[in-house]
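Chain by chain, the residues run as shown.
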Amino acid sequence: MSAHVYKLIEVAGSSTVGTDDAIRCAIAKAAESVKHMDWYEVIENRGHIVDGKVAHFQVVVKIGFRLE
C-alpha cells in the first residue's frame, strides 16, 4: 500500500431535517468541486432555535481528500 498525503478543508452544512442530512448536504456540495475525498469528521454541531423548537441543524465538517 502506498502512502497518501491529504489536504483538509472545512465546510458547514445545514438542514431543517437533522444533523445527518446537514452532513450529507455539506459533503455533496463539496463533491461538486473536490476530487478524491476519502473521509470526514464532524468538528462542530449547532442549531437555530425558533419558538422553542429546533429550526435548523448546522454542522461543520472537516473533509480529507488525497492529493494527486
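This text follows the structure it describes.
In this text the structure is predicted, and so the values were computed from the model without any measurement.

Novice: So, the nonpolar core: which residues are in play, and what are the values?
Specialist: The biggest cluster of nonpolar side chains holds 7 residues, and these are Ala22, Ile23, Ala26, Ala30, Val59, Val61 and Ile63. Among the elements of the structure, helix H1 (19–31) and strand S3 (53–66) are those that each provide at least two residues to this core. Considering every element that reaches this core, the biggest residue donor is H1, with 4 residues. When sequence neighbours within four positions are dropped, the list of residues in contact with Val59 reads Val11, Ala12, Gly13, Thr19, Ala22, Ile23, Val42, Glu44 and Asn45.

Novice: Can you explain the environment of Glu68? Please cite residues and give values.
Specialist: Tracing the backbone shows Glu68 in the segment after S3. Between the C-alpha atom of Glu68 and that of His4, which follows or precedes it by 64 residues, the distance is 8.9 Å. Engagement of the side chain of Glu68 in a polar contact is seen with the side chain of His36, the distance being 2.7 Å.

Novice: Before we move on, can you summarise the packing of aromatic side chains with the specific residues and values?
Specialist: Ring pairs (aromatic) are described by centroid distance and by the angle formed between their planes. If you walk through the whole model with that rule in mind, you get 1 aromatic pair. Taking the centre distance of 6.5 Å and the plane angle of 65 degrees together, the rings of Tyr6 and Trp39 count as edge-to-face. Remark: Trp39 occurs in strand S2 (residues 37–50) and Tyr6 occurs in strand S1 (residues 6–15); sequence separation between them is 33 residues.

Novice: Hey, could you go over unusual backbone geometry for me, with residue numbers and the actual values?
Specialist: Not every positive phi belongs to a glycine, and His36 is a case in point at roughly 60 degrees. Overall, His36 belongs to the partly exposed group, its relative accessible area being 30%. The backbone of Asp51 sits at a positive phi, close to 55 degrees, despite the residue not being glycine. When you line up the elements, Asp51 lands in the loop between S2 and S3.

Novice: Describe the sheet that holds S2, and please don't skip the residues or the numbers.
Specialist: As a general point, the strands of a sheet are linked pairwise by backbone hydrogen bonds and lie either parallel or antiparallel. The strand order across the open sheet built from 3 strands is S1-S3-S2, with neighbouring strands paired in antiparallel fashion. Because the sheet does not close on itself, it has two edges, and the strands there are S1 and S2. Here the average twist between neighbouring strands, direction ignored, is 15 degrees. With 12 bridges connecting them, S2 and S3 associate as antiparallel partners. Residue pairing across strands places His48 opposite His56, the latter belonging to S3. Its contacts with the sheet put H1 on S1, S2 and S3, and the angle it makes with S3 is roughly 40 degrees.

Conventions and cut-offs
Residues numbered from 1 in each chain as written. Predicted model: local features only at pLDDT ≥ 70, side-chain atom pairs only at ≥ 80, totals over all residues. Heavy atoms only, no water. Core = buried A, V, L, I, M, F, W, Y, C linked by side-chain atoms within 4.5 Å. Buried < 20%, exposed > 50% of the residue type's maximum accessible area, 1.4 Å probe, protein only. Helix = DSSP H or I, 4+ residues; strand = E, 2+ residues; numbered from the N terminus. Contact = heavy atoms within 4.5 Å. Polar contact = N/O pair within 3.5 Å; in protein donor to acceptor, adjacent residues only side chain to side chain. Phe/Tyr/Trp six-rings, centres within 6.5 Å; stacked < 30°, edge-to-face > 60°. Pairing = 2+ DSSP bridges. Axes fitted to C-alpha atoms, helices over the stretch in contact; angles between N-to-C directions.

None of the figures reported here should be taken as evidence of function without further support.
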